[in-house]
Amino acid sequence: MNVLVYSADGVARTSLNQTLSTLRRLLSDSYAIISVDAKVLAQEPWEGSTALLVMPGGRDLPYVRDLAGVANRRIIDYVTQRGGRYLGLCAGGYYGSSEVEFEKGQRLEVLGSRELKFFPGKCVGTMYPGFVYDSERGAKAVPIKVNKDHFSVPTGDGEASSSLLAAGFPDTLPVYYNGGGFFEGAHELVSKGVNVLATYVKDAEGNPSDKAAVVSRKYVVHPTTSNPSPSTGVAVLTGIHPEYDPSSLDPLSYNGMDVVGVLRDTDHWRLAFMSALLRYMGLKPTANGGDIIPPLSPLFLSSSDPAAQFNLFSPIVSLRSTAGTIKDSRDTFIVSEHTLDVSPRLLPTAAADVTVNKIEASRKESSEDDHQLHLLLCTRSLPQKMRTPLFDHAKYYSELVYVYGVQSLGRSIMYGEAVTSTQTILDKNLKLQSKLPSGVACVASRQLAGLGRGRNPWISPVGSVMFSLLLRHPLTAKSPVIFIQYLAALAVVEAVRTRKGYQDIPLRLKWPNDIYAEHPDGKSGLVKIGGVLVNFSITDREFTLVIGIGVNTTNERPTTSINHLIDAHNQKLKAAAEASGRTLSDSELLAPISHESLLASIMSAIEEYYKLFTGPMADGFRPFEATYYKRWLHSNKIVTLGDHNNQKARIDGISSSYGLLKCVAVDDNGRDLIPRQVFELQPDGNSFDMMRGLVARKTK
């Protein structure tokens, strides 16, 4: 599921960065945090895959201008009719109210009604004087009192209620404030579903206050034909900034007030409060309150073939400056030789100096910020397990070479425990890319800025196999390059399902490049557990492809994983055996698959397919069609062609020329029209559902 953060005109840059940082810290193990604009909210099918919509702080008048009409109606419907969630922070809180009264009678006056009306009253601001747009000069650390009763939830066993707040949560909590309002008359609006979750402790003159600083409103959504399960929509609006992390603030920006110091002392309670708000809304934040974004790890470049090491390492060494660095188009690599006596604490500290803002910048094509990455050349030995505890190089290479007999792909890898993005490292550092041989892979156990289709962040928690494979494909090849993405996705599925006994593990393909599975709980239906992303460039002789693959292997969040599917399969085997009076031994059950084994088997499958795809008997995608269609989800499914007068069409396969969806027009009963009409479908560019908004071109 996605968490959408509005990031268009009006959103303050600092507020956006703080919002993204805290949400990623608390939610990134289970949700993709995606920045969106007004066009997305108005035109794309975002509602079905969205767990939360967040409107950050800034200025709400641009929100009024850009979201008026369709976008606002869809946001209202998402919350009130579809059980969605809206979090409005400061300006987003003003915007979510029925009416705004900001600095009435003053130079910055903003008055007027708003369309969302989640709070059925007026948001009045500022609560405290001194606000300056696009500045921290008027910011303060202000105490709030959290209404703990609203964070109590029944245990379901007749015992006393438990609390969403951490044990020992204080009676008052200082939080960041900069221009927010209070929600007028909120205490009297209980009959309209309003709850006051927190109040300001003092007013502007220092007198006691009970004005609402954080409010919520819930909407019961009754079952319908399209949405058979009852649900509850919820909007939470704040006049404060619980998302602000004081460790990233400049202490000198606050007119001599110790705002940062006050907030830093209680930041763990701020995170606990933010986590409780998210749980209150029905989300599942990280249990421990979130981990600080880890430092980037060294990259270990190694090879299974000692004879190939000179050709692997020598071109890279030739790029080094006298200082031992390679200044590349995206990153700077600090290159040195890996030896057994190098300990992590002796590595250059620059490799660990990664800020949230730099990680954000790495997502943008236009960013000129780079990272300093320590590249260790493993010329004498493979990295020991103590140096890479989440990945066993010896085990991987042993399976790759001796179990699967792989000859080229994955025989050399560049592994980092925590990296920005394997795809970015190989695709955007052109000097390094030019010196690496075809078949090299960049592998990670955790990505801090992983990318999926449409440059969406790909959730990359520990527990997934994540890698990018460099492949040089000749322009003279007979088979069209577009099909390589399909081969890679098929390889992931077949790397599991062709193992002896694993043929019933329910991995499936969703066009064009997603890996799906039937959730083992039997209720959640098909869920995404992986995907493929292919970037390519062209020279006068070849395509340079970077094939990025990620698949949940051992971590069931955010959906499920391969090993959880295997465990569910084993439970079925046990139940069937017990029903017939037998007890299965461990040897009769399927073993979980390690990251190293899965990576090796995927490399083997890609190599096998690629050899057939480009060999002397190459016949395009035709040799793979039967297996691909056996695994995909779309055969004979009916779609509606919006750009052809809502003509219904049956999915018939993939076109042999450009790899588009091939469909045949049908009548209302699903019968082919006569004369036969064939369409080829391609996505319209939306970032949420490739099977919606398809654009068709008629071929026959």
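Residues numbered from 1 in each chain as written. Predicted model: local features only at pLDDT ≥ 70, side-chain atom pairs only at ≥ 80, totals over all residues. Heavy atoms only, no water.

1. Some details on the packing of helix 10 (residues 393-403) against helix 15 (residues 595-614)
Two packed helices can be described by the angle between their axes and the distance between those axes. Running from N to C, helix 10 and helix 15 point in directions that differ by 35°, and their axes come no closer than 8 Å. For the crossing formed where helix 10 meets helix 15, the hand is right-handed. From helix 10, Lys 395, Tyr 396, Glu 399 and Leu 400 reach across to helix 15, where they touch Glu 596, Ser 597, Leu 599, Ala 600 and Met 603. A class-by-class count of the residues in the contact of helix 10 with helix 15 yields 5 nonpolar, 1 polar and 3 charged. (Axes fitted to C-alpha atoms, helices over the stretch in contact; angles between N-to-C directions. Helix = DSSP H or I, 4+ residues; strand = E, 2+ residues; numbered from the N terminus. Left-handed = near helix turned anticlockwise from the far one by under 90°. Contact = heavy atoms within 4.5 Å. Nonpolar A, V, L, I, M, F, W, Y, C, P; charged D, E, K, R; others polar.)

2. Side note on the sheet that holds strand 17 (residues 325-327)
Taken in spatial order, the 11 strands make up an open sheet running 17-18-19-16-20-21-22-26-25-24-23, and their pairing is mixed. Only two strands of the sheet have a single partner each, and these edge strands are strand 17 and strand 23 (507-510). Put simply, the sheet's adjacent strands are angled 20° from each other on average, direction ignored. Judged from the 4 bridges that link them, strand 23 and strand 24 (residues 514-518) form a sheet pairing that is antiparallel. Of the residues in strand 24, the one forming a bridge with Lys 510 is Asp 514. The sheet contacts of helix 8 (residues 309-317) involve strand 16 (299-303), strand 17, strand 18 (332-337), strand 19 (372-377) and strand 20 (412-419), and relative to strand 16 the element is tilted by about 145°. Each of strand 16 and strand 20 touches helix 10; the most contacted strand, strand 20, lies at about 140° to it. (Pairing = 2+ DSSP bridges.)

3. Observations regarding the confidence of the model for the chain
Mean pLDDT over the chain: 87, with 87% of residues reaching 70 or higher. Segment residues 341-368: pLDDT under 50, and 48 contacts once partners within four positions in sequence are set aside and those in other chains are kept. (pLDDT = per-residue confidence, 0-100.)

4. Focus: the pattern of salt bridges
In total, this model carries 20 salt bridges according to the counting rule given. For the salt bridge of Lys 428 with Asp 427, the shortest nitrogen-to-oxygen distance reads 3.3 Å. The exposure class of Asp 427 is buried, given its relative accessible area of 13%. (Salt bridge = Lys/Arg side-chain N within 4 Å of Asp/Glu carboxyl O. Buried < 20%, exposed > 50% of the residue type's maximum accessible area, 1.4 Å probe, protein only.)

5. Here we look at helix 10
Every α-helical turn comprises 3.6 residues, leaving residues that sit three or four positions apart pointing alike. Listing the buried residues of helix 10 in full gives His 393, Tyr 396, Tyr 397, Glu 399 and Leu 400. Projected down its long axis, helix 10 shows its buried positions confined to an angular sector of 160°, all on one face. What points out from helix 10, more than 90 degrees from its buried face, is the exposed set Tyr 402 and Val 403. Buried residues in helix 10 make contact with strand 16, strand 20 and helix 15. Capping the start of helix 10 is the job of one residue whose side-chain oxygen sits 3.1 Å from the backbone nitrogen of Ala 394: Asp 392. The positive-phi residue at the C-terminal boundary of helix 10 is Gly 405, with phi of around 65°. (Arc of directions from axis to C-beta. Polar contact = N/O pair within 3.5 Å; in protein donor to acceptor, adjacent residues only side chain to side chain.)

6. Quick notes on the packing of aromatic side chains
The geometry of an aromatic ring pair is captured by the separation of the ring centres together with the interplanar angle, meaning the angle of the planes. Counted by the stated rule, this structure contains 32 aromatic pairs. Note on Tyr 86 and Phe 118: the rings are 5.0 Å apart at their centroids and 50° apart in plane angle, and the pair reads as tilted. Of this pair, Tyr 86 sits in strand 4 (residues 85-89) while Phe 118 sits in the loop between strand 6 (110-113) and strand 7 (119-125), and the two are 32 residues apart along the sequence. Neither residue differs from the other here; Tyr 86 and Phe 118 are each classed as buried. With centroids separated by 5.1 Å and ring planes inclined at 15°, the aromatic side chains of Phe 483 and Phe 621 adopt a geometry described as stacked. Separated by 138 residues along the polypeptide, Phe 483 in the loop between strand 22 (464-474) and helix 13 (484-497) and Phe 621 in the loop between helix 15 and helix 16 (625-631) bring together distant segments of the chain. Across the pair, exposure class does not vary: Phe 483 and Phe 621 are buried alike. Cluster of aromatic residues (ring-pair linked, three or more members): Phe 483, Tyr 486, Tyr 609, Phe 621, Phe 624, Tyr 628, Tyr 629 and Trp 632. Positioned above the aromatic ring of Phe 182, the side-chain terminus of Lys 211 is 4.2 Å from the ring centre. (Phe/Tyr/Trp six-rings, centres within 6.5 Å; stacked < 30°, edge-to-face > 60°. Lys NZ or Arg CZ within 6 Å of the ring centre and 35° of its normal.)

7. A word on the packing of helix 1 (residues 13-27) against helix 7 (residues 267-280)
The geometry of helix 1 relative to helix 7 is characterised by a closest axis approach of 11 Å and an angle of 75° between their N-to-C directions. Between helix 1 and helix 7, the interaxial angle falls into the category roughly perpendicular. Across the interface between the two elements, Thr 22, Leu 23, Arg 25, Leu 26 and Leu 27 from helix 1 touch Arg 270, Leu 271, Met 274, Ser 275 and Leu 278 from helix 7. (Parallel < 35°, antiparallel > 145°, perpendicular 65-115°, else oblique.)

8. Here's the deal with the pairing of strand 21 (residues 441-447)
Burial analysis of strand 21 places 6 of its 7 residues in the buried class, the great majority of the element. Summarising the sheet, strand 20 and strand 21 pair through 6 bridges and their orientation is parallel. Considered in strand 21, the bridge of Gly 416 is made with Ala 444. Judged from the 4 bridges that link them, strand 21 and strand 22 form a sheet pairing that is antiparallel. In the sheet register, Cys 442 faces strand 22, and the bridge partner there is Ser 468.

9. Digging into the side chain of Thr 388
The residue Thr 388 is located in the loop between strand 19 and helix 10 in this model. Its relative accessible area of 1% is what places Thr 388 among the buried residues.

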